[in-house]
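Overview (structure and organization)
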Amino acid sequence: MGEIVRLQKYIAMCGKASRRKAEELIADGRVTVNGEKAVEQGIKVEIGADRIAVDGEELEMISKKYYIMLNKPVGYVSTVSDQFDRPTVIDLLSEEIRTRIFPVGRLDYETEGLLLLTNDGDFTYRVTHPKFEMSKTYLATVGSGLTVSGINALRRGVKIDDYKTSPAEVEILDADNTATLVKITIHEGRNRQVRKMFEAVGVKVKGLRRISIGTVELGNLPLGRWRYLTTHEVNYLMNN
Ligand code: URA
C-alpha cells in the first residue's frame, strides 16, 4: 500500500500548486479523485493508487525537485504567464527547468532582486505562509522627507489598508538632498507591503530590491541570472 496523504498535500507534492493554492483548487471544484469531483478539504488519497486530476489533467509525482534563486530585473512579472503578455520571470530560466516551476511568492513588476522558484509545494508553503514569519530584507531608495518619527513608526508598525504591520528593522544606509537609501526587514509579505509602509510615513519608493530571505542572500548574482540553491540553503528554508 502507498503512503496516505491529504489531497492538498498530494497536489503540492506533484508541484501543481502550493498547499494553500491547492485548497483553493479543491474549493473551486477543479480537482477530481478517480474521476469524482473532490469537494471536501480533508479527503485522503493513496500515493500510487488514486488518480488525481486538476481541470481534467492527471497529476504525476515529481521525480526531481528544483530550488532556484533568480535576481529578478524590473519589468518582469513574477507569475508563470501574464494576461498582458509582459515578460515573466520564467522567461529568464533555461529551457530544461522552465516546465512546472513556479515563483515562491511575488515581487512587483517594478521590484528587482531575490526571487525563489521551485516545483516543491511544501517548500513554497514553508517560505510563504505567514505563520513561519520568514524575514525578508529589502534595499529601498526613497524620496526626501523621511523623518526620525517616520523611521520609528516603521519600526513599531504602521497602518496600511486595514491592518497594522508588525515591527520592522530599519537602518538608514545613505542619504543626500533628494533620496535616502534604507535597509528594511519585514516578517510578513502582504501585497506591495514595503511600498505601502513608506507611503504611510509620507515618502515614495523610487527603487526597491530584495536582498535576502532569512539568511539566504542574493550576494553578487548578476541581474537577470539564476542559480540553484545549495542543499544547506534549502534545508535552512525548509526548517526555519
Ligand atoms: N514589498 C513591495 O512593496 N513590493 C515587493 O515586490 C515586495 C515587497
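Residues numbered from 1 in each chain as written. Predicted model: local features only at pLDDT ≥ 70, side-chain atom pairs only at ≥ 80, totals over all residues. Heavy atoms only, no water.

Here we look at the domain arrangement of the protein
The cut-off we apply is this: The domain boundaries here were taken from an automatic or database domain assignment. Buried area: the accessible area, evaluated with a 1.4 Å probe, that two parts lose upon being put together, summed over both parts. What qualifies as a polar contact is a pair of N or O atoms within 3.5 Å, subject to a donor-acceptor requirement within protein and to the restriction that residues adjacent in sequence count only when both atoms come from side chains.
Assigned domains of the protein: these are domain 1 (4–58), domain 2 (67–130 + 221–239) and domain 3 (135–213). Look at where the C-alpha atoms of domain 1 and domain 2 centre, and you get two points 24 Å apart. Between domain 1 and domain 2, a total of about 690 Å² is buried, with carbon and sulfur atoms accounting for 52% of that surface. Looking only at domain 1, the three residues that lose the most surface to domain 2 are Gly15, Arg19 and Arg20, adding up to 59% of its buried area. Between the two partners, domain 1 and domain 2, sit two residue pairs in polar contact (both at pLDDT 80 or more).

Let's talk about the site of the ligand
Note the cut-off: Proximity is defined per residue: if any heavy atom of the residue lies within 4 Å of a molecule or strand, that residue is considered near it. The protein chains shown are the only cover counted for residues, whose accessible areas, like all others here, come from Shrake-Rupley with a 1.4 Å probe. We count a stretch as a helix when DSSP gives it H or I for four or more residues in a row; a strand needs E for two or more, and each element gets its number in order from the N terminus. Residues were grouped as follows: Ala, Val, Leu, Ile, Met, Phe, Trp, Tyr, Cys and Pro as nonpolar; Asp, Glu, Lys and Arg as charged; and all remaining residues, including Gly, as polar.
Near the ligand you find Leu107, Asp108, Thr111, Tyr138, Arg192, Gln193, Val194, Arg195 and Leu208, and these make up its full shell. At 2.7 Å from a nitrogen atom of the ligand is found a side-chain nitrogen or oxygen belonging to Asp108. One nitrogen or oxygen atom from the main chain of Arg192 is found 3.3 Å from an oxygen atom belonging to the ligand. For the ligand, whose free accessible area comes to 240 Å², the fraction covered by protein is 96%. Among the elements that make up the shell around the ligand, the one with the highest residue count is helix H5 (residues 193–200) (three residues). Per-class residue counts for the shell around the ligand are four nonpolar, two polar and three charged. Two domains share the shell around the ligand, each providing at least three of its residues, namely domain 2 (67–130 + 221–239) and domain 3 (135–213).

Some thoughts on the pairing of strand S14 (residues 179–186)
Which entries qualify depends on this criterion: Relative accessible area decides the class of each residue, using a 1.4 Å probe on protein chains only: under 20% of the type maximum gives buried, over 50% gives exposed, and in between gives partly exposed. Whether two strands pair depends on DSSP finding at least two bridges between them.
Burial analysis of S14 places six of its eight residues in the buried class, which makes it a mostly covered element. Bridging between strand S10 (residues 136–143) and S14 involves eight bridges; their strand directions are antiparallel. Directly across from Tyr138, in S14, lies its bridge partner Ile184. Bridge analysis of strand S13 (residues 169–175) against S14 gives six bridges, and the strand direction is antiparallel. Counterpart to Glu171 in the pairing with S14 is Lys183. Between S13 and S14, which follow one another and run antiparallel, lie three residues.

Examining the packing of aromatic side chains
Our working definition: Only Phe, Tyr and Trp rings are paired, with Trp represented by its six-membered ring, and only when their centres lie within 6.5 Å; those with planes under 30 degrees apart are stacked, over 60 edge-to-face, the remainder tilted. By the criterion adopted, a ring carries a charge over it if an Arg CZ or a Lys NZ lies within 6 Å of its centre and within 35 degrees of its normal.
For the structure on display, the rule yields three aromatic pairs. Here the aromatic rings of Trp226 and Tyr228 are separated by 5.1 Å at their centres, their planes lie at 90°, and the arrangement is edge-to-face. A relative accessible area of 23% places Trp226 in the partly exposed class. Residue Tyr228 is classed as partly exposed on the basis of its relative accessible area of 38%. One residue, Arg19, lies across the ring of Tyr125, its end atom 4.9 Å from the ring centre. Positioned above the aromatic ring of Tyr109 is the side chain of Arg86, whose terminal nitrogen or guanidinium carbon lies 4.7 Å from the ring centre.

Describing the sheet that holds strand S3 (residues 36–37)
Strand pairing within a sheet occurs via backbone hydrogen bonds; the two strands may be parallel or antiparallel. In spatial order, the strands read S3-S2-S5-S6; together these four strands make up an open sheet with antiparallel pairing. Of all strands in the sheet, those bounded by a partner on one side alone are S3 and strand S6 (57–58). Bridge count between strand S2 (residues 31–33) and S3: two bridges; the pairing is antiparallel. Of the residues in S3, the one forming a bridge with Thr32 is Lys37.

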